[in-house]
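# Coordinate analysis (summary)
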Amino acid sequence: MKITPLDAALGARITDLDLSKTVADGEFERICAAWLEHAVLIFPNQVLSENHLVAFSARFGWLELPPASESRTRGDGGAVLPEIWNISNVKVSGEAIGSLGNLEAEWHTDMSYLENPPTASILYAREIPDQGGNTSFANMHAALEAMPKELRRRLEGKSVIHDSAYTSVGELRKGATIVADVSDVRGAVHAAIRKHPESGRPVLYMGRRLNASFIDLPTQQSERLLDEVWAFCTQPEFAYEHVWTVGDLVIWDNRSVIHRRDAFDNGERRIMWRTQVKASAGTSQLTA
Ligand code: SIN
């Protein structure tokens, strides 16, 4: 197994490893250490069944099941195991086999609207479009470290409410209520600057821009500060853009990384299988 850091603010490629075979404990420890150090790991050329993906993902912890609001119709390349979320624009008889369609997904951290968001997200590329659908990742340790002192000072001690009503492509989840005003948002509250539970390093934890607001700040002030922070932390110097090849498996640290996805032509097919590693209470809850 070979670990090669990317020439970017985060990420490493892991080659010479077949994830359809059981990964030896020693190798898995190196993978975990690399995941904490580089935050995003890319395993190219993997040929995995649903069972392989679930077995490898489960080495990182319990797996989160997709919420009932996630679209899922069976067939045409969509995974059927309950632990796998289909991220896809493919439809069967007019019904989506998965979530997010072909739209742009804005910068976000997965499921930050939960009290205990997942620790890791894993995405496995099954079918990809010729163009578009690239996924970018940004390092929130690096962004915080590079942040002007004055901006960081304004964030210290502040918390943000994280909206649960909309997906990262801006669609209202099934059963959720339209947010007419940011003061109506439902979702978890997290400190804007936290300590990573495993490394103890300070990290910026903003979730997503849509419908966010700082607790205890008047709306206009909160909006201005959010715009400033998001403009800063999403600069290309903190990011890496992944251009997918079928067979790529990517795992990222959901506690220190935000990600976004480009839109793509809806006439093309994109099928990704995703798993989410559940936060175990007390370990993934980042402390302020
Ligand atoms: C996601 O935001 O989790 C999906 C990313 C992607 O489709 O590349």
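Just so it is clear, the model here is predicted, and its values are computed rather than measured.

The rules behind each value
- Residues numbered from 1 in each chain as written.
- Predicted model: local features only at pLDDT ≥ 70, side-chain atom pairs only at ≥ 80, totals over all residues.
- Heavy atoms only, no water.
- Pairing = 2+ DSSP bridges.
- Helix = DSSP H or I, 4+ residues; strand = E, 2+ residues; numbered from the N terminus.
- Contact = heavy atoms within 4.5 Å.
- Axes fitted to C-alpha atoms, helices over the stretch in contact; angles between N-to-C directions.
- Domains from an automatic or database assignment.
- Buried area = accessible area lost by both parts, 1.4 Å probe.
- Salt bridge = Lys/Arg side-chain N within 4 Å of Asp/Glu carboxyl O.
- Near = heavy atom within 4 Å.
- Polar contact = N/O pair within 3.5 Å; in protein donor to acceptor, adjacent residues only side chain to side chain.
- Areas by Shrake-Rupley, 256 points an atom, 1.4 Å probe, with all protein chains shown as cover.
- 1 Å grid on protein atoms, 1.4 Å probe; cavity = no way out; pocket = protein on both sides within 12 Å on 5 of 7 lines; lining within 4 Å.
- Sits in = over half its atoms within 2 Å of the grid points.
- Nonpolar A, V, L, I, M, F, W, Y, C, P; charged D, E, K, R; others polar.
- Buried < 20%, exposed > 50% of the residue type's maximum accessible area, 1.4 Å probe, protein only.
- Arc of directions from axis to C-beta.

### Focus: the sheet that holds strand β4 (residues 85-88)
Each strand in a sheet pairs with another by means of backbone hydrogen bonds, the pair being arranged parallel or else antiparallel. Strand order in the open sheet made by the eight strands is β1-β2-β3-β17-β9-β19-β4-β7, with mixed pairing throughout. The sheet is open, and its two edges are formed by β1 (2-5) and β7 (99-100), each paired on a single side. In this structure, strand β2 (residues 12-15) lies alongside strand β3 (residues 40-43), joined through two bridges in parallel fashion. If you follow A12 over to β3, its bridge partner there is L41. Helix α1 (residues 25-38) rests against β1, β2, β3, β9 (120-127) and β17 (249-253) of the sheet, and its axis sits at about 130° to β3.

### Examining the domain arrangement of the protein
Per the domain assignment, the segments making up the protein are domain 1 (2-135 + 242-277) and domain 2 (140-233). Using only C-alpha atoms to locate each centre, domain 1 and domain 2 end up separated by 23 Å. Taken together, the contact pairs 24 residues of domain 1 with 25 residues of domain 2. Roughly 2100 Å² of surface becomes buried between domain 1 and domain 2 when both sides are summed, with 57% attributable to carbon and sulfur atoms. On the surface where domain 1 and domain 2 come into contact, there are one salt bridge. Between E198 and R255 there is a salt bridge; the shortest N-O distance is 2.8 Å.

### Considering the site of the ligand
Near the ligand you find I87, L100, H108, D110, L123, T135, H259, R261, R270 and R274, and these make up its full shell. R270 places a side-chain nitrogen or oxygen 2.8 Å from an oxygen atom of the ligand. For the ligand, an oxygen atom lies 2.5 Å from a polar atom in the side chain of R274. Its free accessible area being 260 Å², the ligand has 100% of it covered by the protein chains. The site holding the ligand turns out to be the second largest cavity. In terms of residue class, the shell around the ligand is built from three nonpolar, three polar and four charged.

### Overview of helix α2 (residues 50-58)
Since one α-helical turn is 3.6 residues long, residues separated by three or four positions face the same way. All of the buried residues along α2 are E50, L53, V54, F56 and S57. Buried residues of α2 fall within an arc of 165° about the axis and therefore sit on the same side.

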